[in-house]
Amino acid sequence: MNIQGYAELLQTQKLSDEEHFEYVQIIDQESKRLSNLTKQLLLLTSLDQNSYPMKLSEVKLDEQIKETIRRHQWRLEEKEIEVSYKLAPVILKGDPELLVSMSKMIVGDIHSSSSGGGRSPAPDEEVTKR
């Protein structure tokens, strides 16, 4: 069922408090997911059309990944997802805002595609710069 279907159920059906709360939660989660998807599509469209003003600078990718995981730890904990990592220091030239968006998308994808209770180990090999 989609958001519209749950909204119609809330408007037309006599529901228990538990069912009402469950449907409101589903609508909330789906609207957040769609909002995030819309932002991603708009960003990809602007990149595709070369209308995004790139601001290149040196970015410490390893620190950015760690910070993104820390900021979104609660989302991962919701589904009991454990993330471990061993990151070598990596500096690259890129747009910091785009790289943050990319990191958020990856964490969001992990969260939304997981049924929970997983562990995501990092490889033991060090990342080498090419």
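Quick summary incoming for the structure in this document.

1. Observations regarding the overall build of the chain
Counting secondary structure elements, the chain contains five helices and four strands. Listing the helices and strands of the chain from first to last along the sequence gives α-α-β-α-α-β-β-α-β. Out of the 130 residues belonging to the chain, those deemed buried represent 22%. Of the contacts made within the chain by residues no fewer than 6 positions apart, 79% connect residues no fewer than 24 positions apart. If you sum the accessible surface of the chain, you get close to 10,000 Å²; carbon and sulfur atoms cover 52% of it.

2. Re the pattern of salt bridges
Evaluated as defined, the whole model comprises five salt bridges. The closest approach of N and O atoms between E67 and R70, which form a salt bridge, is 3.3 Å. Here R70 and E67 lie together in helix α3 (residues 61-71), a separation of three residues that amounts to about one turn. On the accessibility criterion, E67 (29% relative accessible area) is partly exposed.

3. Brief notes about the packing of aromatic side chains
All told, the structure shown has one aromatic pair when counted by the stated rule. Considering the side-chain rings of Y6 and Y23, the 5.3 Å spacing of their centres and the 50° angle between planes classify their relative orientation as tilted. Of this pair, Y6 sits in helix α1 (residues 3-12) while Y23 is found in helix α2 (residues 17-48), placing the two residues 17 residues apart along the sequence. Of the two residues, Y6 and Y23, both sit in the buried class.

4. Some details on α2
The terminal C-alpha atoms of α2 lie 46 Å apart, and with 32 residues this matches the ideal 46 Å at 1.5 Å per residue to within 8%. Residues of α2 that are buried make contact with α1 and α5 (96-113). At the C-terminal side of α2, N50 shows a positive phi close to 55°.

5. Some points on the packing of α2 against α5
With their axes 12 Å apart at the nearest point, α2 and α5 run at an angle of 140° to one another. Between α2 and α5, the crossing angle belongs to the class labelled oblique. The hand of the α2/α5 crossing is left-handed. Facing Q40, L43 and L47 of α2, the residues of α5 in contact are L98, S101 and M105. Here the residues of the contact of α2 with α5 are counted per class, giving four nonpolar, two polar and no charged.

What counts, and at which threshold
Residues numbered from 1 in each chain as written. Predicted model: local features only at pLDDT ≥ 70, side-chain atom pairs only at ≥ 80, totals over all residues. Heavy atoms only, no water. Helix = DSSP H or I, 4+ residues; strand = E, 2+ residues; numbered from the N terminus. Buried < 20%, exposed > 50% of the residue type's maximum accessible area, 1.4 Å probe, protein only. Contact = heavy atoms within 4.5 Å. Areas by Shrake-Rupley, 256 points an atom, 1.4 Å probe, with all protein chains shown as cover. Salt bridge = Lys/Arg side-chain N within 4 Å of Asp/Glu carboxyl O. Phe/Tyr/Trp six-rings, centres within 6.5 Å; stacked < 30°, edge-to-face > 60°. Expected span 1.5 Å × (residues − 1). Axes fitted to C-alpha atoms, helices over the stretch in contact; angles between N-to-C directions. Parallel < 35°, antiparallel > 145°, perpendicular 65-115°, else oblique. Left-handed = near helix turned anticlockwise from the far one by under 90°. Nonpolar A, V, L, I, M, F, W, Y, C, P; charged D, E, K, R; others polar.

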